[in-house]
Amino acid sequence: VTSGKAPLNVKFTDTSTGTPAAWKWNFGDGTSSTQQNPVHKYSKAGTYTVILTVKNAVGSNTVTKTDYIKVTAKPVAEFSATPTSGKAPLTVAFTDTSTGLPTKWKWNFGDGASSTIQNPKHKYSKAGKYTVTLTVTNAKGSNTITKTDYIKVTTNTK
């Protein structure tokens, strides 16, 4: 298998030619193996690049499969914003920092506006305290975080 939910056991099969005598697998998560056909357990959600280097008496050869293994988990919503306070009109850049590789985003900015982009910018026109909610979704489920009175907008008095 090349994709699935965490923990994911992947059986790697060497199909190299030239009768290799040694193998070095890099699983992309900080671990490696020197077995010819290893089984590796991916514990965390993420996208992993796998590298195999084979050697024989004549030399060595390496193959890299970029973003080859995709491990999913139910996402956990998290975000930050810059700035979180200021004078109206205030444009805020929201950054999705959710884990679990979400594929959909639903923002509620607390002033009646919403967005489905991953990292939206939103302009607050009126003074007030705004509660921001982010719901993230992937194939495994969804998760929501709410930050109460997270954005504080003051009036521009002269």
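Residues numbered from 1 in each chain as written. Predicted model: local features only at pLDDT ≥ 70, side-chain atom pairs only at ≥ 80, totals over all residues. Heavy atoms only, no water.

S.K.: Can you break down the overall build of the protein residue by residue, with the values?
M.R.: Per the secondary structure count, the protein includes zero helices and 15 strands. Against the compact-globule benchmark of 15 Å for 158 residues, the protein has a radius of gyration of 23 Å, which places it well outside the compact range. Across its three principal axes, the protein shows a C-alpha extent of roughly 80 × 30 × 20 Å. The proportion of buried residues among the 158 residues of the protein is 32%. Considering only contacts within the protein whose residues lie at least 6 apart along the sequence, 54% involve residues at least 24 apart. Surface summary for the protein: the accessible area is close to 9,300 Å², and the carbon and sulfur share equals 50%. When the 20 positive and 7 negative side-chain charges of the protein are each reduced to one mean point, those points stand 3 Å apart. (Helix = DSSP H or I, 4+ residues; strand = E, 2+ residues; numbered from the N terminus. Rg over C-alpha atoms; globule rule 2.2 N^0.38 Å. Buried < 20%, exposed > 50% of the residue type's maximum accessible area, 1.4 Å probe, protein only. Contact = heavy atoms within 4.5 Å. Areas by Shrake-Rupley, 256 points an atom, 1.4 Å probe, with all protein chains shown as cover. Lys, Arg positive; Asp, Glu negative; His and termini not counted. Charge placed at Lys NZ, Arg CZ, Asp CG, Glu CD.)

S.K.: Account for the sheet that holds strand β13 (residues 121-124), naming residues and giving values.
M.R.: Pairing within the open sheet is antiparallel, and its three strands lie in the order β8-β10-β13. Two strands lie at the open edges of the sheet, namely β8 (79-82) and β13, each paired on one side alone. Along the sheet, successive strands turn relative to each other by an average axial angle of 30 degrees, direction set aside. Pairing geometry for strand β10 (residues 90-96) and β13, over four bridges, is antiparallel. Bridge assignment links T91 to a residue of β13, and that residue is K123. (Pairing = 2+ DSSP bridges. Axes fitted to C-alpha atoms, helices over the stretch in contact; angles between N-to-C directions.)

S.K.: Requested: an account of unusual backbone geometry, with residues and values cited.
M.R.: The amide bond that connects A6 to the next residue, P7, takes the cis arrangement and shows omega of -10 degrees. One non-glycine residue, L101, lies in the positive phi region at around 55 degrees. Position of L101 among the secondary structure elements: in the loop between β10 and β11 (104-108).

S.K.: Give me the pairing of β8: which residues, what numbers.
M.R.: Regular strands have side chains that alternate between both faces of the sheet. Residue alternation in β8 divides its side chains into a buried set, F79 and A81, and an unburied set, S80 and T82. Examined bridge by bridge, β8 and β10 share four bridges and lie antiparallel to one another. Bridged to S80 within β10 is T95.

S.K.: Which residues make up the sheet that holds strand β3 (residues 22-26), and what are the values?
M.R.: To summarise the sheet geometry, strands pair through backbone hydrogen bonds and adopt either a parallel or an antiparallel arrangement. If you walk across this open sheet you meet the five strands as β1-β7-β6-β3-β4, and the pairing is mixed. Two strands lie at the open edges of the sheet, namely β1 (3-5) and β4 (32-33), each paired on one side alone. Summarising the sheet, β3 and β4 pair through two bridges and their orientation is antiparallel. Bridging across to β4, W25 finds its partner in S33.

S.K.: Any details on the packing of aromatic side chains? Residues and values, ideally.
M.R.: Applying the stated criterion across every chain yields a total of 10 aromatic pairs. With centroids separated by 5.2 Å and ring planes inclined at 35 degrees, the aromatic side chains of F12 and F27 adopt a geometry described as tilted. Of the two residues, F12 is situated in the loop between β2 (8-11) and β3 and F27 in the loop between β3 and β4; the sequence distance between them amounts to 15 residues. A relative accessible area of 5% means that F12 is categorised as buried. Taking the relative accessible area as the measure of exposure, F27 reaches 2% and is therefore buried. Aromatic ring contacts, followed pair by pair, group F79, F94, W107, F109 and Y150 into a single cluster. A cation over an aromatic ring shows up here: K147 above the ring of F79, its NZ or CZ 4.6 Å from the ring centre. (Phe/Tyr/Trp six-rings, centres within 6.5 Å; stacked < 30°, edge-to-face > 60°. Lys NZ or Arg CZ within 6 Å of the ring centre and 35° of its normal.)

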